[in-house]
Amino acid sequence: MNLLERFLKYVSIDTTSNSKKQNSPTSNGQIKLAKLLVNELKEIGMDDIYYDEKHCYVYAHLLGDKRFPKIGFISHMDTSEDVSGVNIQPKVINNYDGKDIILNNGIVLSTKMYPEIIKQKGKTIITTDGTTLLGADDKCGIAEIMSMLEFVSSSDIKHGDIYIAFTPDEEIGLTIKNFDFDYFKVDYAYTVDGSALGQIKYENFNGATIDIDIKGFATHLGYAKGIMINAARIATLINSYVPNELPENTDGSNGFYYLKSIEGNLTSAHLKYYIRDFDKSNFELRKKELINIVNKINKEYNNCARISIEDTFCNMYEYVSKHHNLIENTLNAIKKVGVKPLIEKIRGATDGSDISEKGIPCPNLGTGAYNHHSIFEYASLNEMKKTVEILISIIKESTKKND
Ligand SMILES: [Zn+2]
């Protein structure tokens, strides 16, 4: 089976995850895809295939030479619930002319809105019919890993143990919860879940959730002077003190405060913030800033506010950057197949950060898929093929220098 056939087969299965459910798998389609992948892994001749039926994870490994590092590759089987993934009708466009693409019902994938698509001129791209997402996020990653495995298992290239994991419910943040780290004993791994060809990302935001509860004090409105504490008004006051560094006015390396919700009345109010920053010390300063605001309010308004802070994810950079050989080998591997490496920061979270925190440095690689979570999602077959070459090149490079 070639790469395109694999990809089309995987996207034909609706694997939309469902955030209303708490436990993986949150949809039956993911089970269907997992079973299909298990059969394909058997056909490829992988060793020790392990299907965690309860949680719907597919693991396998290809035994290799113990002198070389053990490498893992991870992709997710689910697609985002933001856009329908039912009855996906992919359109394969050979020799793309670089112009606007008319999907069904007159919906236009416009080069003005998505100018990077012009780079695909003359190439083969796969789009949606304008009614669903494509599922290239992350079935491109799965198809690429499968094609890499098929090649490596039938060739005589030198390699160490190669592990793979296809995970459920990544889009709703459940991947790590049931991930079997006892099985996945690798020296380092990659999530194959990025976008443009040649991307390597190993820096993401530190994230924390902050809850501020305010208790008001009710009195007769006519006789409230000096006594009443209006919790709702204090909530708006707190927000007015928060620095003006917001998602809507920051980009690049800058972090932000995000007011997720504000609700309240006279007697109680609640504010929820997300804070995000690449830099650990700035991240801590942001927390301190909110604590200081609450302290100031408490001094003025009879200790009416309580703040609680929960760290939610960390920047994987501090774990990955120590492994100089890993980064260097990956960059070399990308260059060796004639692709320019694109080192980019993730202005969000990634499973790789949790995996890195658990001791497995885990950068994210591009897959040749664009406009994730959208009816304008598309994949470049040429970039997908090249990504398979990158994965193989990473394995070859790992046998040259140990991390
Ligand atoms: Zn993804």
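These remarks concern the structure in this document.

Conventions we followed
Position numbers for residues start from 1 in each chain and track the written sequence from start to end. For a predicted model such as this one, the threshold for reporting local features is a pLDDT of at least 70, and the threshold for listing and counting side-chain atom pairs is 80 or more; totals across whole chains, interfaces and linings nevertheless cover every residue. For two strands to be treated as a pair, DSSP must find no fewer than two bridges joining them. Under the scheme used here, helices are H or I runs from DSSP no shorter than 4 residues and strands are E runs no shorter than 2 residues, and both carry numbers assigned from the N terminus. Residues are scored as being in contact if the C-beta atoms we place from backbone atoms lie within 7 Å. To get an axis, fit a line to the C-alpha atoms, keeping to the stretch in contact for a helix; angles then go from 0 to 180 degrees between the N-to-C directions. Helices are assigned an expected span. That span is 1.5 Å times one less than the residue count. The exposure label follows from counting other C-beta atoms within 10 Å of a residue's C-beta, where the C-beta atoms are placed from the backbone and the thresholds are 20 or more for buried and 12 or fewer for exposed, leaving partly exposed in between.

Here we look at the sheet that holds strand E7 (residues 125–127)
- The antiparallel open sheet is built from 4 strands, whose spatial order is E4-E7-E18-E17. Sheet topology places strand E4 (91–93) and strand E17 (369–370) at the edges, where each strand pairs with a single neighbour.
- One ladder, built from 2 bridges, connects E7 with strand E18 (residues 378–380); its direction is antiparallel. Considered in E18, the bridge of isoleucine 126 is made with alanine 379.
- Contacts from helix H9 (residues 381–398) reach E7 and E18, with the element oriented near 60° to E18.

What to know about H9
- For H9, spanning 18 residues, the distance from its first C-alpha to its last is 26 Å, which sits close to the expected 26 Å at 1.5 Å a residue.
- Counted residue by residue, H9 has 13 buried out of 18 residues, so it is predominantly covered.

Details of the sheet that holds strand E8 (residues 162–167)
- As summarised here, the arrangement of the 8 strands in space is E1-E2-E8-E3-E9-E16-E10-E15, forming an open sheet in which the pairing is mixed. The open sheet has two edge strands, strand E1 (47–52) and strand E15 (342–343), and neither has a second partner.
- Bridge count between strand E10 (residues 199–201) and strand E16 (residues 364–365): 2 bridges; the pairing is antiparallel. Paired with lysine 201 across the two strands is asparagine 364, which belongs to E16.
- Sheet strands touched by helix H2 (residues 28–44): E1, strand E2 (57–62) and E8. Its angle to E1, the strand with the most contacts, is close to 175°.

Topic: unusual backbone geometry
- Omega for the bond connecting serine 24 with proline 25 falls within 30 degrees of zero, at -5°, which places this linkage in the cis form.
- Cis peptide bonds are those with omega within 30 degrees of zero, and the linkage from aspartate 137 to aspartate 138 qualifies with 15°.
- Looking at the secondary structure, you find aspartate 138 in helix H3 (residues 136–154).
- The phi dihedral of aspartate 48 is positive, around 55°, even though this residue is not glycine.
- Structurally, aspartate 48 is set in strand E1.
- A residue is classified by how many C-beta atoms lie within 10 Å of it, and aspartate 48, with 12 of them, is exposed.

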